[in-house]
Amino acid sequence: MPSSLINRDLISINDLTKNEILFILQLAKDLKAKPQPTLLQNKVLASLFFEPSTRTRLSFETAMERLGGRVIGFADKDVTSASKGETLYDSIRIIGQYADVIAMRHPLEGSARRAAEATDKPILNGGDGANQHPTQTLLDLFTIQETQKKLTGLSIALAGDLKYGRTVHSLMQALLHFSPRLYFIAPKTLQMPEHYLEELKKNKIKFSLHEKMEEVIKQADIFYLTRIQKERFADSMDYERVKNVFRLTLAHLIGVKKNLKILHPLPRVNELDDKIDTTSHAYYFQQAENGLYVRQALLGAVLGKI
Amino acid sequence: MRRQCDFLKRGLFEPGRGQSINPWLVGRVRWPERPGELSEQRKLLAEHATIHMTQDKKLLVSAIKNGTVIDHINAGQALKIIRFLNLAAQNKLVTVGLNLPSKLMKIKDLIKVEDWEISLEEANQVALIAPQSTINIIKNYTVTKKFALKLPEKIEHLLVCPNPKCITNHEPMDSFFYVKLRKQKVEVSCKYCEKQFALDEIKDYKI
């Protein structure tokens, strides 16, 4: 067990080495196979959600409960002293004295890194604005490994809002460790930013840019689709046009690889036809469930119990 | 003319007994007609005390006795450096030259600060804005120290993150940037929001 994870913060996926990532995935697999309902008895998780969240908050809290720990916290910043103007630093410093570990989401970018400076208790970042969401990336990797029985050398297509989407940026960065073949599918204005593409070149990772899903879906082992948000478009007409074109339907699945799995961080809007839900390629609901095991693994690891 | 040359021969930077140099007076003195006659030491002094002359060989910026000279600043950056180093608030005599003629750079800026010695950390901050500038410490009209400028690895306090959603713009806290060269351009990345910026995207400083 890498003792390096004990009492560690998880702010950004880049904070983890390849070995640490693989270790967490293995722990998650073990916990999925064999629950440990008393592992974190007498431990307290502070679940601090300064902005709304459903999956992330509930899965962090459920993860703690299923390991026998307890949860304090809030799901709405208006009930906290933040609404009175207290700094995040002060809030975290105080809450750090009550809890053993803190999971937080905050609308400002860099808030989790700042929170980590205020307390010596581990901070698990559940999303800081558009910046990082490392537990999502870990559960994505876990799901990819679970469905393909490996992580290395896969053909992975990332589709949707690749310009602003934190999920795809973090996933891409984590995949640098696993020599994938990457396909980026997005409307031209929402394509993967140049500096990420440079990082891929530097790491000698093969990739190509596309505008249509049908161009690459037949080659993919994993098709990772993300939501395109209306507010990213200056002109709402442009959004309407893209919205209807950029949609994965049953027709796209003709002739795809048998092992293809479609993943989506959810919530979905229009980009993923719900008729796909019943096909063998749909795996996004199981993906969301896997968040539970990955977060259990993290809680256990940073608290030094596994 | 003869009197002025005599004055220089006696020592532009080495005043005779009982004679002190008024820097403003020096600024109006004419240069000898045969610079080849200058001693090596004076040449060095002339170079590093950064005496600037126009076509008719008038000195534009005075020499300083003790302090720091930041020379070969790309034109337009001197005021930024003054702000960066907070020089205006230190009650020191600061002489600034903007758009001075330069053989190497065509035009350049220059800053001289009397009775103030720049630190290595501050010098590296200057490198961030004007990497080709030269910084010399002057003691008794002589260059006693030259800085080999290098980019700092990190910058604390000074820069304001251009990302309006960055926590550093919402909490009473210091900013922190990592510095790197990318395609010959200085780039900084915020430790907190992890966004990367070209240096000219930074518009504000915490001073």
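Residues numbered from 1 in each chain as written. Chains lettered and ligands numbered in written order. Predicted model: local features only at pLDDT ≥ 70, side-chain atom pairs only at ≥ 80, totals over all residues. Heavy atoms only, no water.

**Quick notes on the overall build of chain A**
Each helix and strand counted, chain A has 9 helices and 9 strands in total. Looking at chain A as a whole, 57% of its 306 residues qualify as buried. Taking as baseline every contact in chain A between residues at least 6 positions apart, the subset at least 24 positions apart corresponds to 71%. (Helix = DSSP H or I, 4+ residues; strand = E, 2+ residues; numbered from the N terminus. Buried < 20%, exposed > 50% of the residue type's maximum accessible area, 1.4 Å probe, protein only. Contact = heavy atoms within 4.5 Å.)

**Some thoughts on the nonpolar core**
Ranked by size, the top nonpolar core spans 61 residues in total, and within it Leu 138, Leu 158, Phe 184 and Leu 299 of chain A carry the most contacts. Broken down by element, the residue count for this core peaks at 8 residues, all from helix α9 (residues 284-302) of chain A. Taken together, domain 1 (3-132 + 291-302) and domain 2 (135-288) of chain A each give at least three residues to this core, which thus spans both. Not counting chain neighbours up to four residues away, the residues in contact with Phe 184 of chain A comprise Leu 158, Leu 162, Met 172, Gln 191, Met 192, Leu 197, Leu 200, Phe 207, Ser 208, Leu 209 and His 210 of chain A. Listed in part, the 57 residues of the second largest apolar core include Phe 74 and Ile 123 of chain A together with Leu 128 and Val 188 of chain B. (Core = buried A, V, L, I, M, F, W, Y, C linked by side-chain atoms within 4.5 Å. Domains from an automatic or database assignment.)

**Overview of the interface of chain A and chain B**
At the junction of the two partners, chain A supplies 16 residues and chain B supplies 16 residues. In this assembly, chain A packs against chain B so that about 1,400 Å² is buried in total across both faces, 45% of it on carbon and sulfur atoms. Summed over the shared surface of chain A and chain B, the result is 4 salt bridges. Across the chain A-chain B interface, the total number found is 10 residue pairs in polar contact (both at pLDDT 80 or more). At the level of secondary structure, the elements contributing two or more residues to the side of chain A that touches chain B comprise α3 (88-98), α4 (111-118) and α7 (194-202) of chain A. In terms of residue count, the dominant contributor to the side of chain A that touches chain B is α4 of chain A (4 residues). (Buried area = accessible area lost by both parts, 1.4 Å probe. Salt bridge = Lys/Arg side-chain N within 4 Å of Asp/Glu carboxyl O. Polar contact = N/O pair within 3.5 Å; in protein donor to acceptor, adjacent residues only side chain to side chain.)

**Some details on the sheet that holds strand β3 (residues 106-114) of chain B**
Residue and element names in this part refer to chain B. Across the sheet, which stays open at both edges, the 5 strands sit in the order β2-β3-β1-β4-β5 with antiparallel pairing between neighbours. Edge strands, defined here as strands with exactly one partner in the open sheet, are β2 (94-102) and β5 (142-147). Here the strands of the sheet are splayed against their neighbours by 20° on average, with no regard to which way each runs. Sheet analysis places β2 next to β3, joined by 7 bridges and oriented antiparallel. Bridge pairing in β3 links Leu 100 to Lys 108. (Pairing = 2+ DSSP bridges. Axes fitted to C-alpha atoms, helices over the stretch in contact; angles between N-to-C directions.)

**A word on α7 of chain A**
Given 3.6 residues to a turn, an α-helix orients residues that are three or four positions apart in the same direction. Here α7 of chain A has its buried residues at Tyr 196, Leu 197, Glu 198 and Leu 200 of chain A. Contacts made by the buried residues of α7 of chain A are with α6 (166-175), β6 (181-185) and β7 (206-210) of chain A together with β7 (176-182) of chain B.

**With respect to unusual backbone geometry**
All names here are of chain A. Here Leu 266 and Pro 267 are connected by a cis peptide whose omega angle stands at 5°. Mapped onto the fold, Pro 267 is located in the loop between β9 (261-263) and α9. Phi angles above zero are rare outside glycine, and Lys 149 is one such case at about 60°. Here Lys 149 is to be found in the loop between α5 (134-148) and β5 (155-159).

**Some points on the side chain of Ser 133 of chain B**
Assignment of secondary structure puts Ser 133 of chain B in the loop between α5 (120-129) and β4 (134-139). Excluding its chain neighbours within four sequence positions, the residues that come into contact with Ser 133 of chain B are Ile 70, Asp 71, His 72, Ile 73, Val 126 and Leu 149 of chain B.

**Notes on the packing of aromatic side chains**
Counting across every chain of the model gives 4 aromatic pairs over all chains. When the centroid spacing of 5.1 Å and the interplanar angle of 85° are considered together, the rings of Phe 50 of chain A and Phe 74 of chain A count as edge-to-face. Of this pair, Phe 50 of chain A sits in the loop between β1 (44-49) and α2 (55-66) while Phe 74 of chain A is found in strand β2 (residues 70-74), placing the two residues 24 residues apart along the sequence. Pair check on accessibility: Phe 50 of chain A and Phe 74 of chain A agree, each one buried. We note Arg 181 of chain A situated over the ring of Tyr 183 of chain A; from NZ or CZ to the ring centre the distance is 4.2 Å. Above the plane of the ring of Phe 176 of chain B lies Lys 191 of chain B, whose end atom (NZ or CZ) is 4.8 Å from the centre. (Phe/Tyr/Trp six-rings, centres within 6.5 Å; stacked < 30°, edge-to-face > 60°. Lys NZ or Arg CZ within 6 Å of the ring centre and 35° of its normal.)

**Let's talk about the pattern of salt bridges**
All names here are of chain A. According to the stated counting rule, one finds 17 salt bridges over all chains in the structure shown. The residue Glu 61 makes a salt bridge to Arg 57 at a minimum N-O spacing of 3.5 Å. Note that Glu 61 and Arg 57 are positioned in helix α2 at a spacing of 4 residues, about one turn of the helix. A salt bridge links Asp 221 to Lys 257, with the nearest nitrogen and oxygen atoms 3.0 Å apart.

**Quick look at the UniProt feature "binding site: L-aspartate" (unreviewed entry) in chain A**
Residues and elements named next belong to chain A. Mapped onto the present numbering, the UniProt feature "binding site: L-aspartate" (unreviewed entry) falls at Lys 84, Arg 166 and Arg 227. Assignment of secondary structure puts Lys 84 in the loop between β2 and α3. Its relative accessible area of 73% is what places Lys 84 among the exposed residues. Tracing the backbone shows Arg 227 in the loop between β8 (222-225) and α8 (236-245). If sequence neighbours within four positions are ignored, Arg 227 has contacts with Asp 161, His 264, Pro 267, Val 269 and Glu 271. A polar atom in the side chain of Arg 227 sits 3.3 Å from the backbone oxygen of Pro 267. (UniProt positions renumbered as here; feature names shortened; annotations may be inferred.)

**Examining a nonpolar patch on the surface**
There is a patch of nonpolar side chains on the surface, built from Ile 72, Ile 94 and Tyr 98 of chain A and spanning about 290 Å² of accessible area. Looking at the element boundaries, Ile 94 of chain A is found in helix α3. (Patch = residues over 30% accessible without salt bridge, like charges linked within 9 Å, V, L, I, M, F, W, Y side chains within 5 Å. Areas by Shrake-Rupley, 256 points an atom, 1.4 Å probe, with all protein chains shown as cover.)

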